[in-house]
Amino acid sequence: MTKIKDAFRALLRYPSAVLGLTIILFLLGVSAYALITIPYSEAVRLWRGGEDVWYKNPKYAAPAWYNFFTSKKQPLSFAVETDDGTMSKTVASNDPNISTVDINYSFDYTYDGFPEEMILYFTSTFTAKFPFVSVSWITPDGRKFRIADMAIQNNSTFRFSQDPKLLSRLNTDKVMQALFADPKASTPTPLKGTYQLVISGTTFEKGSDIAAQFVFQGKLFGLAGTDKYRRDLMLPLLYGTPIALAFGLLASVGTSLLTMVIAAIGTWYGGWIDELIQRITAVNLVLPFLAILIMVGTFYSRSIWLMLGLAILLSIFSGSIMTYRSIFVQSKESSYIEAARAYGASSPRIIFSYLIPRMIPLLIPALVSSVPSFVFLEASLAVLGLGDPILPTWGKVINDAFTDGALYQARYYWVLEPAVLLMITGFGFALLGFALDRILNPRLRDI
Amino acid sequence: MATETLATPAPETPLVKKSFANSTFLRLVRYTALRLFTLAITVVIGVYLTILIANMGGYVDTIMRNEVRDNITQSIASNPAYRNLQPAVREKLIQEKIANEVERLGLNQPFVVRSFRYLTNALTLNLGRAINMTSDEGSKEVRLILLERLPATLLLTGSSELIIFFASVFIALTLSRKYGSWFDKLTIALSPTSAAPPWFYGIFFILIFAAILRILPFGGLVDSPPPVNKVAYGLNVLKHLILPASSVIISSIFLSIYTWRTFFLIYSSEDYVEMAKAKGLPPKDVERRYILRPTLPTIITNFALLVITLWTGFTITETVFLWPGLGITLYRAIGFYDTPVIVGSTIIYAYLLALTMFLLDFVYALVDPRVKVGSGSSQ
């Protein structure tokens, strides 16, 4: 116990180790947050969801922080609704059967670009007579546009850019430019100021009501942006963290521990067991590692847990089993093993209580340093199109971006966000592993 | 993977007392035969396992059979020439065509029989014909499909791996002489960068040099249409090579330097090196005769292992850069369930590996006078 404490204290003397530990703790925190706020089934549902889940988001929207890097500020997306009070609604009635519903929303627009689209979703309750709404738009300089007059059913959707009547009334196919442009400017530039959306509705029945949702799709969305399917990239970025950590840690712990145990057993018993282990290692050297993973992924299943098991299985009998073996051969002859044998310790006891614990200083740095390679292995498989079909992972995002030509079309955020997270993860574990190696194997400390 | 360890040759065994002049020769023959035998067994088992996996225990057969049935049923249903046939006649025609196609693919034989045919063909390097893939020239010969892609792969793997190897050995040698210097510390600090695979750096390089600066191509081997002039063609290929090769180099050079530097440092703290320095030998001589000489077996082992990995290509890097090499071909072969191509690619690697392992033993004996071929254990 004191040994561990000493090692930990020694670790804190290395700035790189502190940085690595901080990164890993941060990633663990993100994982915990992701797992608590988004349950597994919910994450899968959202990630697999189509327009019905993500209809509010614009396609290919860059993240909000994009505005920090550009002088031409782009509009940020938002959505408001009457149900949760973000859009004001007043109901007035003189007649028991007829009531008027006034819905108002005004917002400041200070951007240099035009939005993508604006959509109104109406839901209403009635038995026979459709409620009626008229929508108008007031610009900062006081001009008023009549947008739509329509009867609404239980669920009605009004897309500003796709309404033929509005298109012909404005005499343009660019509705957003017509509604936002400054009439005095020679080139289309948006007029900055407070815009107002006015919806006046009328219901013709007792108990009939109207609810509205106003979705403003700008050029930017949230902290992570959206992809081709309007999915918020925050979901895979957040949820990819526990998956990447679980994959990397399980694979490296499994591989390192099993390699060590097998090497110890082989060396201790010697004879045909040792010979067999060495022959398996030689055969494994011939087997194409990545090709086997690709084959299983293509032919059988792309489940991440199957890939994990396979990666462990193929990595156990690698070159490191030979390294461990050569060290075990030496420690097998040392006097404390002789003593254990003399008092009659059983073979398993000697292997697990005497041989293996001595190797832990070698094991831990190797284990920590091998985490990044497994994290990147998962991403590599995803980049080849063999990522888990249902789970949101970082590699999947990179793969989606690549197949959609994100780099050609200058949608850099789509590739950069998961790539930076991968890099941070890899760097954190690599830094800690290097520092641990220097602390636990003092032979290298001076070098 | 991330923690690169240098492959060290097997520890030399104590010298065996020489009794007869020809006992050395006998021991050599016996050792060689045993070594060849174990290596051959290893190759056979490795290749057979690959064949079994490439078929998923008969699962791929089912996929292929269903695919054949779908394709033929569809092609007959959509062919206007067969539209007026009686349903029974058409059904017969479909069954006949399916039987033909199944026979062409060899699916009428049980997989066990086919697997041994694949194995014997592979071992005799009779690579045979691909099932679905064709080379760009239109040939179905596996040999031609692989040969066509070999130059592109060797260009990429060869240029990058050789630069990594020689640059890291020479830089490491220099660093080991003046360790603790600013540049040495920088290399140590940068060595964790090798945690990321080449394609990862590839993404950043494409982003910076192709997408933003627009000075280098996004990927591919040559421009389309390719330049007619031979010199212009070569230069164009080199221009396309820069990004993939640099991503491979960047992703492993720092760790490689670090590993070699540590290795050289361990050897340069030996007593005989101190002695040589004390004698006042010039640093060049100390380096060449007292550090490089004893480490030569390790350097050669690593170089030999590197040369055979050139064959495999970098599947993912080639995919990201659309580099038409062997890695991408293997990936496509798997997508086509093309067992002959998968097996062909594996057997060549297996043979190269076995041959290298075999020759290395003799090379050690040549460069290291302490090692004797076949003395002691046969590991």
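Residues numbered from 1 in each chain as written. Chains lettered and ligands numbered in written order. Predicted model: local features only at pLDDT ≥ 70, side-chain atom pairs only at ≥ 80, totals over all residues.

**Points about the overall build of chain B**
Part 1 of the reasoning: The helix and strand inventory of chain B stands at 13 helices and zero strands.
Part 2 of the reasoning: On the principal axes, the C-alpha backbone points of chain B span a range of 100 × 65 × 35 Å.
Part 3 of the reasoning: Counting across all 379 residues of chain B, residues that qualify as buried make up 31%.
Part 4 of the reasoning: Look at the contacts in chain B between residues 6 or more apart in sequence, and 74% of them connect residues 24 or more apart. (Helix = DSSP H or I, 4+ residues; strand = E, 2+ residues; numbered from the N terminus. Buried ≥ 20, exposed ≤ 12 C-beta atoms within 10 Å, placed from the backbone. Contact = placed C-beta atoms within 7 Å.)

**Some remarks on the overall build of chain A**
Part 1 of the reasoning: Of the regular secondary structure elements, chain A holds 16 helices and nine strands.
Part 2 of the reasoning: For chain A, whose C-alpha radius of gyration is 31 Å, the value lies well above the compact-globule estimate of 22 Å for 447 residues.
Part 3 of the reasoning: With the C-alpha coordinates of chain A rotated into their principal frame, the extents come out at 105 × 50 × 45 Å.
Part 4 of the reasoning: Counting the 447 residues in chain A, one finds 38% classified as buried. (Rg over C-alpha atoms; globule rule 2.2 N^0.38 Å.)

**Focus: the sheet that holds strand β1 (residues 78–81) of chain A**
Residues and elements named next belong to chain A.
Part 1 of the reasoning: Strands sit in the order β1-β9-β4-β7 across an open sheet of four strands; the sheet is antiparallel. Whereas interior strands pair on both sides, the edge strands pair on one side only; in this sheet they are β1 and β7 (155–159). Averaged over neighbouring strand pairs, the angle between their axes works out to 15° when direction is ignored.
Part 2 of the reasoning: The sheet contact formed by β1 and strand β9 (residues 209–217) spans four bridges and is antiparallel. If you follow Glu81 over to β9, its bridge partner there is Gln213. (Pairing = 2+ DSSP bridges. Axes fitted to C-alpha atoms, helices over the stretch in contact; angles between N-to-C directions.)

**With respect to the interface of chain B and chain A**
Part 1 of the reasoning: Facing 44 residues of chain B, the contacting portion of chain A comprises 41 residues.
Part 2 of the reasoning: Considering each element in turn, the side of chain B that touches chain A owes the most residues, eight residues, to helix α1 (residues 23–55) of chain B.
Part 3 of the reasoning: Of the residues contributing to the side of chain B that touches chain A, the split by class is 33 nonpolar, eleven polar and no charged. (Nonpolar A, V, L, I, M, F, W, Y, C, P; charged D, E, K, R; others polar.)

**Comments concerning the packing of helix α12 (residues 326–335) of chain B against helix α13 (residues 339–367) of chain B**
Packed helices, taken two at a time, are described by the angle their axes make and the gap between the axes.
All names here are of chain B.
Part 1 of the reasoning: Two elements in contact, α12 and α13, have axes whose closest approach is 8 Å; the angle formed by their N-to-C orientations is 145°. The two elements α12 and α13 meet at a crossing, and its hand is left-handed. Within the contact between the two elements, α12 uses Leu326, Leu330, Ala333 and Ile334 and α13 uses Val341, Ile342 and Ser345.
Part 2 of the reasoning: Here the contact of α12 with α13 is built from residues that sort into six nonpolar, one polar and no charged. (Left-handed = near helix turned anticlockwise from the far one by under 90°.)

**A few points about the sheet that holds strand β8 (residues 193–203) of chain A**
All names here are of chain A.
Part 1 of the reasoning: What the five strands build is an open sheet, ordered β2-β3-β8-β5-β6; its pairing is antiparallel. Each having just a single partner strand, β2 (88–93) and β6 (144–151) make up the two edges of the open sheet. Within this sheet the neighbouring strands show an average axis-to-axis angle of 15°, counted without direction.
Part 2 of the reasoning: The pairing of strand β5 (residues 132–138) with β8 spans seven bridges and is classified as antiparallel. Following the sheet pairing, Val133 is matched in β8 by Gly201.

**Looking at the environment of Leu258 of chain A**
Part 1 of the reasoning: Relative to the helices and strands, Leu258 of chain A is located in helix α7 (residues 234–269).
Part 2 of the reasoning: For Leu258 of chain A and Ala430 of chain A, which are 172 residues apart along the polypeptide, the C-alpha to C-alpha distance reads 21 Å.

**Quick notes on the packing of α7 of chain A against helix α14 (residues 360–383) of chain A**
All names here are of chain A.
Part 1 of the reasoning: Direction vectors running N to C along α7 and α14 enclose 135°, while the axes themselves pass 7 Å from each other. Between α7 and α14, the interaxial angle falls into the category oblique. α14 is crossed by α7, and the crossing has right-handed handedness. Taken together, the residues of α14 that come into contact with α7 (itself represented by Ala244, Phe247, Gly248, Leu249, Ala251, Ser252, Val253, Thr255, Ser256 and Met260) are Leu363, Ala366, Leu367, Ser370, Val371, Pro372, Phe374, Val375 and Glu378.
Part 2 of the reasoning: Tallied by class, the residues present in the contact of α7 with α14 amount to 13 nonpolar, five polar and one charged. (Parallel < 35°, antiparallel > 145°, perpendicular 65-115°, else oblique.)

**Focus on unusual backbone geometry**
Part 1 of the reasoning: Residue Pro225 of chain B is reached from Ser224 of chain B by a cis peptide bond, and omega for that bond is 0°.
Part 2 of the reasoning: Structurally, Pro225 of chain B can be placed in the loop between α7 (198–212) and α8 (230–268).
Part 3 of the reasoning: The backbone of Tyr60 of chain A sits at a positive phi, close to 45°, despite the residue not being glycine.
Part 4 of the reasoning: Looking at the element boundaries, Tyr60 of chain A is found in the loop between α4 (51–54) and β1.
Part 5 of the reasoning: Positive phi values are uncommon outside glycine, yet Leu322 of chain B reaches one of about 50°.
Part 6 of the reasoning: Structurally, Leu322 of chain B is set in the loop between α11 (315–321) and α12.
Part 7 of the reasoning: Residue Leu322 of chain B is classed as partly exposed on the basis of its C-beta count, with 14 C-beta atoms lying within 10 Å.

**Description of the confidence of the model for chain B**
If pLDDT is low for a region, its predicted coordinates should not be looked at in detail.
All names here are of chain B.
Part 1 of the reasoning: When pLDDT is averaged along chain B, the result is 82; 91% of the residues meet or exceed 70.
Part 2 of the reasoning: For the stretch residues 11–18, pLDDT sits under 50, and the model shows twelve contacts to residues farther than four places along the chain or on other chains.
Part 3 of the reasoning: Scoring of the predicted complex yields 0.83 for pTM and 0.81 for ipTM. (pLDDT = per-residue confidence, 0-100.)

**Re the environment of Pro140 of chain A**
All names here are of chain A.
Part 1 of the reasoning: Structurally, the position occupied by Pro140 is in the loop between β5 and β6.
Part 2 of the reasoning: For Pro140, a count of 16 C-beta atoms within 10 Å gives the class partly exposed.
Part 3 of the reasoning: C-alpha of Pro140 to C-alpha of Tyr109: the two residues are 31 residues apart in sequence and 9.3 Å apart in space.
Part 4 of the reasoning: Among residues more than four places away in sequence, those in contact with Pro140 are Leu191, Gly193, Thr194 and Tyr195.

**Considering the nonpolar core**
Part 1 of the reasoning: In this structure, Val383 and Ile398 of chain A are the most contacted members of the largest nonpolar core, which totals 142 residues.
Part 2 of the reasoning: When neighbours within four sequence positions are excluded, Val383 of chain A is seen to be in contact with Gly395, Ile398, Asn399 and Phe402 of chain A together with Trp199, Ile316 and Val320 of chain B.
Part 3 of the reasoning: Core analysis: the next-biggest nonpolar cluster, separate from the first, contains 26 residues, Ile103, Met118, Val175 and Phe180 of chain A among them. (Core = buried A, V, L, I, M, F, W, Y, C linked by C-beta atoms within 7 Å.)

**Notes on helix α10 (residues 283–309) of chain B**
Residue and element names in this part refer to chain B.
Part 1 of the reasoning: With 27 residues, α10 extends only 34 Å from end C-alpha to end C-alpha; this falls clearly short of the ideal 39 Å at 1.5 Å per step.
Part 2 of the reasoning: Within α10, the axis deviates most sharply at Leu296, by approximately 55°, and proline Pro297 lies no more than four positions further along.
Part 3 of the reasoning: Within the span of α10, buried status applies to Val286, Glu287, Ile291, Pro297, Thr301 and Asn302.
Part 4 of the reasoning: The inward-facing, buried residues of α10 contact α5 (142–177), α8, α9 (271–278) and α13. (Expected span 1.5 Å × (residues − 1). Bend = angle between axes of the 7 residues up to and from the residue.)

**Focus on α8 of chain B**
Part 1 of the reasoning: Spanning 39 residues, α8 of chain B covers only 49 Å between terminal C-alpha atoms, well under the ideal 57 Å at 1.5 Å per step.
Part 2 of the reasoning: For α8 of chain B, the principal kink sits at Ile253 of chain B and spans about 40°.

**Some details on the pairing of strand β3 (residues 99–109) of chain A**
Residues and elements named next belong to chain A.
Part 1 of the reasoning: Direction of pairing for β2 relative to β3: antiparallel, over a ladder of six bridges. Among the inter-strand pairings, Ser88 is bridged to a residue of β3, identified as Asn104.
Part 2 of the reasoning: Hairpin remark: β2 followed by β3, antiparallel, with five residues in the connecting loop.
Part 3 of the reasoning: Across eleven bridges, β3 lies against β8 in antiparallel orientation. Within β8, the residue paired with Asp102 across the bridge is Ser200.

**Considerations on the environment of Gly225 of chain A**
Residue and element names in this part refer to chain A.
Part 1 of the reasoning: Tracing the sequence through the fold places Gly225 in the loop between β9 and α7.
Part 2 of the reasoning: C-alpha of Gly225 to C-alpha of Phe26: the two residues are 199 residues apart in sequence and 22 Å apart in space.
Part 3 of the reasoning: For Gly225, the residues in contact, after removing those within four places along its chain, are Ala61, Ala62, Pro63, Leu233, Tyr413 and Trp414.

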